[in-house]
Amino acid sequence: MAVAADLVPVTVVTGGAEASLLVHRMRLGLADDPIGVLSGNAGAAADDIHEWLRLQPVEGSRSSGCACCRVRLDLVEGLRLLVDRRVRPERVIVLLDALDDLSTALQTLLSDPDLQRLVELDGVIQTVDAVALSTRVRLGLPFGAQPELERLAIADRVLVVRGDELVDEALHSVMVGLRTVAGFGLMAVPSIWPVAVKELVGLNAWHGAPAVQPRIVSAPVVVEHGYERPDTVYCEVDGELDPDAVEEWLDEIVAVNASRILRLQGAVRVAGQEFRVCLRGVRSFATSHSELMHPVDQRSTRSIVAVAGYGLDAAAIRSGFDATALR
Amino acid sequence: MTSLLSTLNSVARVQLPDAAGHVVWLDSLVVAGCADGSVMMMDGDQAATIVRCGSPVSALLAHNDSIVAGFIDGDVLRVRHGEACVVASDQGVPRSLVETPGGVAWAASEDVQIRRLDGLAVSVDARIGDIRHLAVVQGGLLFVGGVSGGAWVDTTLDLVDDIVAAPTLIAVAVDPLHRFVAAGDLAGSIHVIGVGDTVGNELSGYPDRVHLLGWLPSGRGLCAAADDELTVWAADRVGVGDSDPQQLVGHDRPITALAAHPRVDVVITGDSGGLIRLWSPAVVDEPVASAQLSGVILGVAWHPDGHRIAVGTSDGNLTVLGMRSGSVA
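These numbers were taken from a predicted model, which means no experiment stands behind them.

Cut-off values and rules
Residues numbered from 1 in each chain as written. Chains lettered and ligands numbered in written order. Predicted model: local features only at pLDDT ≥ 70, side-chain atom pairs only at ≥ 80, totals over all residues. Helix = DSSP H or I, 4+ residues; strand = E, 2+ residues; numbered from the N terminus. Buried ≥ 20, exposed ≤ 12 C-beta atoms within 10 Å, placed from the backbone. Contact = placed C-beta atoms within 7 Å. Rg over C-alpha atoms; globule rule 2.2 N^0.38 Å. Pairing = 2+ DSSP bridges. Right-handed = clockwise from strand over helix to strand, strands pointing away. Axes fitted to C-alpha atoms, helices over the stretch in contact; angles between N-to-C directions. pLDDT = per-residue confidence, 0-100. Parallel < 35°, antiparallel > 145°, perpendicular 65-115°, else oblique. Nonpolar A, V, L, I, M, F, W, Y, C, P; charged D, E, K, R; others polar. Core = buried A, V, L, I, M, F, W, Y, C linked by C-beta atoms within 7 Å. Domains from an automatic or database assignment.

S.K.: Is there a simple way to think about the overall build of chain A in this case?
M.R.: Assigned secondary structure in chain A consists of ten helices and twelve strands. Of all 327 residues assigned to chain A, the portion counted as buried reaches 47%. Pairs at least 24 residues apart make up 78% of the contacts formed inside chain A by residues separated by at least 6 positions.

S.K.: Where do I start with the overall build of chain B in this structure?
M.R.: When you go through chain B residue by residue, the secondary structure sums to zero helices and 32 strands. Against the 2.2 N^0.38 benchmark of 20 Å for 329 residues, chain B shows a C-alpha radius of gyration of 19 Å, consistent with a compact globule. Relative to its full complement of 329 residues, chain B shows a buried share of 57%. Here the contacts in chain B between residues at least 6 apart in sequence split such that 46% fall between residues at least 24 apart.

S.K.: Which parts of the structure should I look at to understand the pairing of strand β2 (residues 20–26) of chain B?
M.R.: The side chains of a regular strand alternate between the sheet's two faces. Residue and element names in this part refer to chain B. A large share of β2 lies buried, amounting to five of its seven residues. Sheet analysis places β2 next to strand β3 (residues 29–34), joined by six bridges and oriented antiparallel. Counted as the bridge partner of His22 is Gly33 from β3. Count of turn residues in the β2/β3 antiparallel hairpin: two residues, of which Asp27 carries a positive phi of about 55°.

S.K.: How should the pairing of strand β6 (residues 157–161) of chain A be read in this particular structure?
M.R.: All names here are of chain A. Counting buried positions along β6 yields five of five residues, so the element is predominantly enclosed. The alternating pattern of β6 places Arg157, Leu159 and Val161 and Val158 and Val160 on opposite faces, both of which are buried. For strand β5 (residues 119–129) and β6, the ladder comprises five bridges, and the chain directions are parallel. Residue Asp129 lies in a different strand from β6, and its bridge partner there is Val161. Handedness of the β-α-β unit built from β6, helix α8 (residues 168–181) and strand β7 (residues 186–188) comes out right-handed.

S.K.: Just checking my understanding: could you explain the sheet that holds strand β16 (residues 149–154) of chain B for this structure?
M.R.: Two orientations exist for strands paired in a sheet by backbone hydrogen bonds: parallel and antiparallel. All names here are of chain B. Taken in spatial order, the four strands line up as β14-β15-β16-β17 in an open sheet, and their pairing is antiparallel. Bordering the open sheet on either side are β14 (131–138) and β17 (159–164), each of which pairs with just one other strand. The average undirected angle you get between the axes of adjacent strands in this sheet is 25°. Strand direction decides the pairing type here: β14 and strand β15 (residues 141–146), joined by six bridges, are antiparallel. Its bridge partner lying in β15, Val136 is registered against Leu142.

S.K.: For this particular structure, what's the right way to read the confidence of the model for chain B?
M.R.: Interpretation of the predicted coordinates at a detailed level should be avoided for regions scoring low in pLDDT. For chain B, per-residue confidence averages 93 on the pLDDT scale, and residues scoring 70 or more make up 98% of the total. For this predicted complex, the interface confidence reaches an ipTM of 0.90, while the overall pTM sits at 0.90.

S.K.: Whenever I open this one, the packing of helix α6 (residues 130–139) of chain A against α8(A) confuses me. Can you help?
M.R.: The angle between the axes and the distance between the axes are what describe a pair of packed helices. All names here are of chain A. It is at 9 Å that the axes of α6 and α8 come closest, and there the two elements cross at 90°. When the axis of α6 is compared with that of α8, the two are roughly perpendicular. Between α6 and α8, the contacting residues are Ala130, Leu133, Ser134 and Val137 on the first element and Ala170, Leu171, Ser173, Val174 and Gly177 on the second. By residue class, the composition of the contact of α6 with α8 is six nonpolar, three polar and no charged.

S.K.: For this particular structure, what's the right way to read the interface of chain A and chain B?
M.R.: Accessible area lost upon the coming together of the parts is a frequently used measure of interface size. In this complex, chain A contributes 18 residues to the contact, which on the side of chain B involves 28 residues. With four residues, the top contributor of residues to the side of chain A that touches chain B is helix α3 (residues 67–83) of chain A.

S.K.: Looking at this structure, how should I read the nonpolar core?
M.R.: Across soluble globular proteins, nonpolar side chains show a tendency to be buried alongside one another. In this structure, A:Leu79, A:Val92, A:Val307, B:Ala32, B:Val112, B:Val144 and B:Leu222 are the most contacted members of the largest nonpolar core, which totals 205 residues. By residue number, the principal contributor to this core is α3(A), which donates nine residues. In this structure, this core is formed jointly by two domains, domain 1 (8–200) and domain 2 (231–322) of chain A, each of which donates at least three residues. Non-local contacts of B:Ala32, meaning those with residues more than four positions away in its chain, are made with B:Leu16, B:Ala20, B:His22, B:Val23, B:Met40, B:Met42, B:Gly312 and B:Leu318.

S.K.: Quick question: what am I supposed to make of helix α4 (residues 102–111) of chain A here?
M.R.: Because an α-helix packs 3.6 residues into every turn, residues spaced three or four apart end up facing the same way. Along α4(A), seven of the ten residues are buried, which leaves the element largely enclosed by surrounding structure. Within the span of α4(A), buried status applies to A:Leu102, A:Ser103, A:Thr104, A:Ala105, A:Leu106, A:Thr108 and A:Leu109.

S.K.: What is the right way to read the confidence of the model for chain A from this model?
M.R.: Residue and element names in this part refer to chain A. With 87% of its residues at a pLDDT of 70 or more, chain A shows a mean pLDDT of 85. When mean pLDDT is taken per element in chain A, β5 scores highest with 96 and helix α2 (residues 42–45) scores lowest with 47. Note that pLDDT drops below 50 for residues 43–50; the model gives that stretch 18 contacts with residues more than four away or on any other chain.

S.K.: What should I look at first to understand unusual backbone geometry in this one?
M.R.: With the exception of glycine, most residues fall at negative phi, and the peptide bonds are largely trans. Residue and element names in this part refer to chain B. Positioned with a positive phi, Ser109 is a non-glycine residue whose angle comes to about 60°. The phi torsion at Asp227 lies on the positive side, around 55°, for a residue other than glycine. Mapped onto the fold, Asp227 is located in the loop between β23 (221–226) and β24 (229–234). The buried category is assigned to Asp227, around which 20 C-beta atoms lie within 10 Å.

Set out below in structure tokens:
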């Protein structure tokens, strides 16, 4: 979809130390355009040319404040300061560190009225360290901390760094594990197959049908004790759907799963509508718009919805979606 | 000829280097804090830089014959007669600079920072997490809103008097008659709390966070904005919220600025489309005056004489509007 001319695209970059390095390289690679960087890491953001602003780190809080509220308020305040300017940046990169809450940040980007007039979520990029992951896999340790697994389940692009330091077999194990968790994300190993910085922006990944495919390969993924692995449920129907039934199905998914939904996205062809209706959401927030906003070559008549989250009843979600088809 | 309705006219305008998010009056001069870190003074149709820092201005205060400016990177500077000095640095984003009987105070991260006239620097942990807004209630008493509720902070004794249990509070406004404090929360409610109380009356039903509040100077009304919705709640000595609020319909874009007149019961609002509206609770059907500016309205400030309004916008324009009262407003 072409982003509305007056909305500034936002790319969220998340991960460990590699994420800061990636933001630095993105700034260099996109130096032709003014870029705003919002970060809790001053080293990654500070620059004399680009506009920058710090998110306040959550760690070290003395009082029992609400971390979600802080992330939301800091993000709104920071983006307003970056974008409500005499000269707007062409795009904004938000760098979240391991302590920041990605789901809250995305929900804020999608739902906040102030941000809806300013920015458009372009994509989420997650970086992972292949060597660290491989070590964990070999030792039978959790594949990642719970926030990392959540980020993987949400991300649009997963950049696997230091992949060239692993033998093929070890890299394969890592990639299969990642593929099992990262339902939405396309993966790349830049040290083996170089990725141009410009391929990481202009994704428009949160519009239209998700770029997700039914899982072909999967592997057991060890998770922390007491937690579960996020999963992605993929639904597809060919033919027209009953609009009331779709609405009811969607309401039920949100009502039943609410905060366990990490990401919801789809495009459905409902009776009476010339174009598909696009859905997207995080947690209990979901919204829709017409695919009319999408270029003709990206339109389709198939209905596709993917939901990533915890404890999702895949069979019930799929059968419910199938039941919305007009007979 | 006398106009029946009030009018708003642009009487002066200057172009600043960047978005003017904070606007204050220093006697008859307008001072604006910009997103590029500059603090500019408007004198007639000229603008001059009075101080510049490396990060956006986060708070601005005219204090006696000085300007005190806070910056996102944590610096707080005081400028007096062209000389700038560092008041504080690296203590968190300074927010809500206010004047207290003993000096100036502001919020920085989880603390209320107080700088006394005798030069003493005091920091009080408000015990409510990250502070988002504070206001002077009376004397040295402040009400502070943050991510885990509110707190009464006494800046003369440097202690927290009491904690108010509430959701994340992001806007605070004090009744001019010093009876109540109103605090807007992130979930779309207003909490009206009697001075010194720990429990408030909740006014709910807003479509989004209540981020702008202002009391009418008579104390007879509380104005609140959330998204594009503007309401006025009737207030009396008992409290606020006995009846439904009046809806003031006139913005179809998010309201981004609000300021109550210093003496007369009118309020001015600005939105993200550059629209300025002047409202009187006596005329709820439509605004009593309007003006269209460019950019997003980021800051509005009444001159103490009540006849001029300084307006800062995202495109870096700093405009002074003159208000001529009509027989209605």
